[in-house]
Amino acid sequence: MNIFILTLIFAVYVQTVRAPANFPMGELVTLESGKPLSELAGYLQSKGVVRSAPVLSALVRLRGDALNVHAGDYLFHKPQNILDRKSTRLNSSHTDNSY
């Protein structure tokens, strides 16, 4: 039973939380202003930033951050899992830790 639970947890982590193999490290990712969260999450999935747009949307809403998604150009210096929020927002004078 314990092995089954550990296997299930690992599978969920690999499929939803872990950074995608094609993570766009060192590439510019632009979030456009005025787009709904679901569309931005889908865009981030298509660019390889996250594995699952629905999981990202759910996490953002659960954290209460739905209104704190900032448009702009982002540069990710290393692959990050879906729980990390560290990126450099290039059209801002500071490092923005959310997307």
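Worth saying up front: this structure is predicted, and the values here are computed from it rather than measured. (Residues numbered from 1 in each chain as written. Predicted model: local features only at pLDDT ≥ 70, side-chain atom pairs only at ≥ 80, totals over all residues. Heavy atoms only, no water.)

Caption draft 1: Representation of helix 2 (residues 37–46) in the model. Taken residue by residue, helix 2 has Leu 37, Leu 40, Ala 41 and Leu 44 as its buried positions. Buried positions in helix 2, seen along its axis, are confined to an arc of 100 degrees and lie on one side of it. Each element contacted by the buried residues of helix 2 is listed here: strand 1 (28–31) and helix 3 (53–63). (Buried < 20%, exposed > 50% of the residue type's maximum accessible area, 1.4 Å probe, protein only. Helix = DSSP H or I, 4+ residues; strand = E, 2+ residues; numbered from the N terminus. Arc of directions from axis to C-beta. Contact = heavy atoms within 4.5 Å.)

Caption draft 2: Examining the nonpolar core more closely. By size, the foremost hydrophobic cluster in this structure holds 17 residues, and its most contacted members are Leu 44, Val 49, Val 50, Leu 56 and Phe 76. Mapped onto this core, the elements with two or more residues apiece are strand 1, helix 2 and helix 3. Among the elements that make up this core, the one with the highest residue count is helix 2 (four residues). (Core = buried A, V, L, I, M, F, W, Y, C linked by side-chain atoms within 4.5 Å.)

Caption draft 3: Local environment of the side chain of Ser 57. Secondary-structure assignment places Ser 57 in helix 3. If near-sequence neighbours (up to four positions away) are discounted, Ser 57 is found in contact with Leu 37, Ser 38 and Ala 41.

Caption draft 4: Broad picture of a nonpolar patch on the surface. On the surface, Phe 4, Ile 5, Leu 6, Leu 8, Ile 9 and Val 12 cluster together into a nonpolar patch covering about 590 Å² of accessible area. Along the chain, the position of Val 12 falls in helix 1 (residues 2–17). (Patch = residues over 30% accessible without salt bridge, like charges linked within 9 Å, V, L, I, M, F, W, Y side chains within 5 Å. Areas by Shrake-Rupley, 256 points an atom, 1.4 Å probe, with all protein chains shown as cover. Salt bridge = Lys/Arg side-chain N within 4 Å of Asp/Glu carboxyl O.)

Caption draft 5: Here's a closer look at the packing of helix 2 against helix 3. Interhelical geometry of helix 2 versus helix 3 gives an angle of 135 degrees and a closest axis separation of 8 Å. As summarised for this structure, helix 2 and helix 3 are arranged oblique, according to the angle between their axes. For the pair helix 2 and helix 3, the sense of crossing is right-handed. Contacts between helix 2 and helix 3 involve Leu 37, Ser 38, Ala 41, Gly 42, Leu 44 and Gln 45 from the first element and Ala 53, Pro 54, Leu 56, Ser 57, Val 60 and Arg 61 from the second. Its residues assigned to classes, the contact of helix 2 with helix 3 shows seven nonpolar, four polar and one charged. (Axes fitted to C-alpha atoms, helices over the stretch in contact; angles between N-to-C directions. Parallel < 35°, antiparallel > 145°, perpendicular 65-115°, else oblique. Left-handed = near helix turned anticlockwise from the far one by under 90°. Nonpolar A, V, L, I, M, F, W, Y, C, P; charged D, E, K, R; others polar.)

Caption draft 6: Summary view of helix 3. Where helix 3 is concerned, the buried positions are Ala 53, Leu 56, Ser 57 and Val 60. For helix 3, the arc enclosing every buried residue in end-on projection is 100 degrees, short of the 170-degree limit, so these residues lie on one face. Counted as exposed and oriented over 90 degrees from the buried face of helix 3: Pro 54 and Leu 62. Looking at the buried side of helix 3, the elements it contacts are helix 2.

Remember that the coordinates give geometry; whether it matters functionally is a separate question.
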